[in-house]
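# Reading the structure
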Amino acid sequence: MNNHLILVKPQAELKDEYLSYYQEWKDSGEVMIPWVISKDPSDFPTMLNWLSDHEIGKGLPDGWVPCSTFWLINTNRSILGVVNIRHQLTEFLFNAGGHIGYGIRPSERRKGNATKILELALIEAKKLGIDDVLVVCDANNIGSEKAIVKNGGIPDSDYVEEDGNVIKRYWLKA
């Protein structure tokens, strides 16, 4: 069903598809995950440059690490999800962010897309030299937890945020 999905770098040719993806997230009222999709895409070339700069570590805020962003697309070139791969872990990322953050557009959930985007992201992490990959999700995010486990996630200790939110932490081999 979803074996024809691939990860691609953000690109100008997919502007309309990305704007559709972005608008669906905005309309859902959910927190935008991964964090990079909260970047306003109305000036699309600027957003693409911002993503490229983050990948090479250019212009990062203090304490941030370089990260690579990919879009999960199908054969129709529709964007089903976005994944962000952090090249290193800070203390915050070790506790609550992990190496890989991903989000599937609301209309494309419960179709195996989270499992697939994580599977493909692990390949990209390996290319970046990350062999032991930390992936986290909120304890109430059953879909994401299932995707992590299906990809071989080994549980580590949970992290409890100041507000009491429990974050499940898993290690995977890239």
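Residues numbered from 1 in each chain as written. Predicted model: local features only at pLDDT ≥ 70, side-chain atom pairs only at ≥ 80, totals over all residues. Heavy atoms only, no water.

### Considerations on the pattern of salt bridges
Inclusion rule: By convention in these notes, a salt bridge is any Lys or Arg side-chain nitrogen within 4 Å of a carboxyl oxygen on Asp or Glu. Runs of H or I in DSSP of at least four residues are treated as helices and runs of E of at least two as strands, each being numbered from the N terminus. When accessible area is computed with a 1.4 Å probe and restricted to protein chains, residues below 20% of their type maximum are described as buried, those above 50% as exposed, and intermediate ones as partly exposed.
Within this structure, the stated rule accounts for 11 salt bridges. With a closest N to O distance of 2.9 Å, Arg109 and Glu30 form a salt bridge. Residue Arg109 is located in the loop between strand 4 (100-104) and helix 4 (113-127), and its partner Glu30 is located in the loop between helix 1 (15-28) and helix 2 (44-56); the two are separated by 79 residues in the primary sequence. In this structure Arg109 comes out as partly exposed when scored by relative accessible area, which is 31%. By relative accessible area, Glu30 is classed as partly exposed at 34%.

### Focus on the packing of aromatic side chains
Quick reminder of the rule: Pairs were defined over the aromatic rings of Phe, Tyr and Trp, the Trp ring being its six-membered one, requiring ring centres within 6.5 Å. Orientation was assigned from the angle between planes: stacked under 30 degrees, edge-to-face over 60, tilted for the rest. In our convention, an over-ring charge means Lys NZ or Arg CZ found within 6 Å of a ring centre and within 35 degrees of that ring's normal.
For the structure on display, the rule yields eight aromatic pairs. Where Tyr18 meets Phe44, the ring centres are 6.0 Å apart and the plane angle is 55°; that geometry is what we call tilted. Placement of the pair is Tyr18 in helix 1 and Phe44 in helix 2, with a sequence separation of 26 residues. When the ring of Phe44 is compared with that of Trp71, the centres are 6.3 Å apart and the planes differ by 50°; the resulting orientation is tilted. Linking Phe44 in helix 2 with Trp71 in strand 2 (residues 67-73), this pair joins segments that are 27 residues apart in sequence. Take Trp71: its relative accessible area is 1%, and that puts it in the buried class. Through successive ring pairs, a cluster of aromatic residues spans Tyr18, Tyr21, Trp25, Phe44 and Trp71. Stacked on the ring of Trp25, the Lys or Arg Arg109 has its end atom at 5.0 Å from the ring centre. In this structure, Arg169 packs its charged tip against the face of Phe94, placed 4.5 Å from the ring centre.

### Notes on unusual backbone geometry
For residues that are not glycine, phi is negative in most cases, and the peptide bond is trans in most cases. A cis amide bond links Ile33 with the next residue in sequence, Pro34, at an omega value of 0°. Of note, Pro34 is situated in the loop between helix 1 and helix 2. In this structure, Arg77 is a non-glycine residue whose phi angle is positive, near 65°. Positive phi, close to 65°, is recorded for Arg110, a residue that is not glycine. Locating Arg110 in the fold gives a position in the loop between strand 4 and helix 4.

### Regarding helix 1
This is how it is decided: A helix is expected to span 1.5 Å multiplied by its residue count minus one. Taking the helix axis as origin, the arc is that swept by the directions to the C-beta atoms. Only heavy atoms matter for contacts: two residues are in contact if any of them lie within 4.5 Å across the pair.
With 14 residues, helix 1 extends 20 Å between its outermost C-alpha atoms, agreeing within 8% with the 20 Å of an ideal straight helix rising 1.5 Å per residue. Within helix 1 the residues assigned to the buried category are Tyr18, Tyr21, Tyr22 and Trp25. Within helix 1, the buried residues cover an arc of 95° as seen down the axis, which keeps them to one side. Facing away from the buried side of helix 1 by more than 90 degrees, the exposed set consists of Asp16 and Asp27. The inward-facing, buried residues of helix 1 abut helix 2, strand 2, strand 3 (79-86) and strand 4. Where helix 1 ends, the next residue or the one after it, Gly29, has phi of about 75°, a positive value.

### Some details on the pairing of strand 2
We count it as follows: Paired strands, as defined in this entry, are two strands with at least two bridges between them according to DSSP.
Strand 2 sits mainly inside the fold: seven of its seven residues count as buried. Neither face of strand 2 is exposed, since Cys67, Thr69, Trp71 and Ile73 on one face and Ser68, Phe70 and Leu72 on the opposite face are all buried. Of the pairings in the sheet, the one linking strand 2 to strand 3 comprises seven bridges and is antiparallel in character. Residue pairing for strand 3: Leu72 is matched across the bridge by Gly81. Hairpin connection of strand 2 to strand 3: five residues between the antiparallel strands, including Arg77 at a positive phi of 65°.

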